[in-house]
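Residues per chain are reported as follows:
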Amino acid sequence: QDDKFKKVISHAKEYGYVFQSSEIYDGLSAVYDYAQNGAELKKNIRDYWWKAMVQMNENIVGIDAAIFMHPTTWKASGHVDAFNDPLIDNKDSKKRYRADVLIEDYCAKIEAKIDKEVSKAAKRFGDAFNQEEFLATNGRVVGYQEKIKSTLSRMGKSLENEDLADVKALIEELEIADPLTGSKNWTDVKQFNLMFGTKLGASADTAMDLYLRPETAQGIFVNFLNVQKTSRQKIPFGIAQTGKAFRNEIVARQFIFRMREFEQMEMQFFIKPGTQKEWYEHWKEHRMKWHLSLGMGKDNYRFHDHEKLAHYADAAADIEFKFPFGFKELEGIHSRTDFDLKAHEEFSGKKLQYFDHEENKSYTPYVLETSIGLDRMFLAVFSNSLQEEELENGTTRTVLKLPSVLAPVKAAILPLVKKDGLPEIAKQIVEELKWDFNVVYDEKDAVGRRYRRQDANGTPFCITVDHDTKDDNTVTIRHRDSMEQQRVKIEDLRAIIKQEVDV
Ligand code: ATP
């Protein structure tokens with residue numbers, strides 16, 4: 001698993017997807033740049049989301065609010081007081097960790113032990129093996145499960161009650177060691193606010209303390225009434241937004257899974273109070289459908305319903321994805337009640353109410369939120385697509401099986417040789433196709449090597465121009481996943497590609 005993750009990171013660099021930020025200065029921790037292919041993939045994911053949310057729903061509109069917001073916003077939202085992570089230092093290594101993540105990692109290790117027991121038993125019992133029964137009846141496994149459950153539940157309770165001494169006690173009781181040095185010499189647990197502060201204005205006495213927004217949602221809440229009135233939407237309706245968010249994360253590892261500067265794609269759906277249960281189920285189902293529509297495999301997703309709820313929520317679930325380091329949160333679906341709008345009414349002194357003509361009364365709407373990290377989605381797509389395949393001739397190929405709709409380059413146009421007028425024909429095809437698709441021209445190296453390069457880059461089609469093209473205007477089109485080749489007319493290329501890459 002570690003190996004797979006390392007391959008993902010090095011492939012992302014080698015093929016121009018993701019670079020470490022400011023690499024020539026040895027990088028900046030948990031900050032990354034998207035390179036030429038990464039920027040395209042990221043844009044395509046964003047567009048795929050936007051199309052499904054905004055374009056396809058008459059009652060959802062999109063906005064683009066500023067990153068800077070009036071500082072009172074973050075008092076109202078609770079971020080100034082409660083946007084904390086529990087932090088613990090190791091006295092020997094002087095390294096800093098998130099206490100809850102240390103505990104979760106400990107549980108993940110026990111879960112790995114369960115997996116090991118399961119695969120051992122599956123081998124031993126062969127066809128007669130019943131996994132569910134084994135998990136429920138094998139003494140050792142049941143013991144492991146109980147340990148995980150009681151550990152997480154105790155951690156949840158202590159964090160909820162701000163009982164940080166108990167979180168530390170738990171770490172000591174479980175004998176959790178510093179993952180890097182093995183030392184068990186821990187400091188007390190402290191709360192650490194994740195917001196980045198900055199200043200607006202030049203002169204020292206008039207400058208105003210600001211925060212970089214830690215989520216995009218508040219830009220939607222404070223604009224709720226403006227958007228509702230100008231779009232003339234009736235409840236239920238939604239406001240969608242994509243944009244940067246910033247968090248001074250303590251755990252700076254796992255590549256683009258947890259970044260200090262990242263992008264969110266959020267949608268706040270405004271509803272009548274009392275209807276939140278139905279809408280919660282509705283959006284859980286719809287968001288899962290959106291994920292499955294990309295064809296990355298049903299088994300890679302699962303729901304995780306929250307028992308411990310944030311201060312603003314009355315129900316919450318994550319859609320988890322199977323990353324190379326296990327199932328982790330990819331998207332959150334939160335029933336936020338009227339917490340945010342009420343808080344902004346209180347702090348701003350302005351009403352944020354909706355007049356319901358059918359009911360002939362005003363009320364503060366409830367909110368259902370779907371919130372997904374664009375970078376996390378990028379990592380899900382990229383890591384799931386990267387595969388090593390054994391070929392019939394005994395060699396292996398590296399292929400990036402990106403969903404075609406998301407692939408940065410849709411087709412590579414390759415002249416078989418660099419002479420006899422073939423490059424000119426290939427370039428002419430590029431000229432024609434580039435109006436509709438992102439395509440590239442490639443003439444360097446033998447055609448087999450060029451195919452491999454495009455496979456590793458995730459390009460769904462290679463189009464090869466050869467000597468026959470001159471006689472009959474046909475080319476060979478090769479499909480990335482099946483490696484099948486077809487002879488087709490140049491004039492049909494557009495339709496063939498379109499059929500595969502259009503949503
Ligand atoms: P986590 O528990 O992993 O820190 P969270 O519960 O704080 O995440 P939310 O505040 O619900 O996350 O944010 C919604 C989504 O934004 C997450 O599901 C995730 O995809 C994304 N996200 C949150 N923090 C980060 C980050 N530091 N880097 C990249 N994506 C992030």
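Residues numbered from 1 in each chain as written. Predicted model: local features only at pLDDT ≥ 70, side-chain atom pairs only at ≥ 80, totals over all residues.

## Points about the overall build of the chain
Thinking step 1. Counting its regular elements, the chain contains 17 helices and 23 strands.
Thinking step 2. Taken over the C-alpha atoms alone, the chain extends approximately 75 × 65 × 55 Å along its principal axes.
Thinking step 3. Across the 503 residues that make up the chain, the buried fraction comes to 32%.
Thinking step 4. Across the chain, the fraction of contacts at a sequence separation of at least 24, relative to all contacts at a separation of at least 6, is 65%. (Helix = DSSP H or I, 4+ residues; strand = E, 2+ residues; numbered from the N terminus. Buried ≥ 20, exposed ≤ 12 C-beta atoms within 10 Å, placed from the backbone. Contact = placed C-beta atoms within 7 Å.)

## Some points on the domain arrangement of the chain
Thinking step 1. Each assigned domain of the chain is listed with its residue range as follows: domain 1 (1-70 + 209-390), domain 2 (84-193) and domain 3 (409-501).
Thinking step 2. On a C-alpha basis, the centroid separation for the pair domain 2 and domain 3 is 51 Å. (Domains from an automatic or database assignment.)

## Notes on the sheet that holds strand E20 (residues 439-441)
Thinking step 1. Taking strand neighbours across the sheet as the criterion, the 5 strands line up as E20-E19-E21-E22-E23 in an open arrangement whose pairing is mixed. Sheet topology places E20 and strand E23 (485-489) at the edges, where each strand pairs with a single neighbour. Neighbour to neighbour, the strand axes of the sheet diverge by 25° on average, direction disregarded.
Thinking step 2. Bridge count for strand E22 (residues 474-479) against E23 is 5 bridges, and the pairing is antiparallel. Note that in E23 the partner of Thr474 across the bridge is Lys489. (Pairing = 2+ DSSP bridges. Axes fitted to C-alpha atoms, helices over the stretch in contact; angles between N-to-C directions.)

## Topic: the pairing of strand E10 (residues 261-271)
Thinking step 1. Of all 11 residues making up E10, 10 are buried, and the element is well covered by its neighbours.
Thinking step 2. The sheet contact formed by E10 and strand E16 (residues 366-373) spans 8 bridges and is antiparallel. Along E16, the bridge assignment pairs Ile271 with Tyr366.

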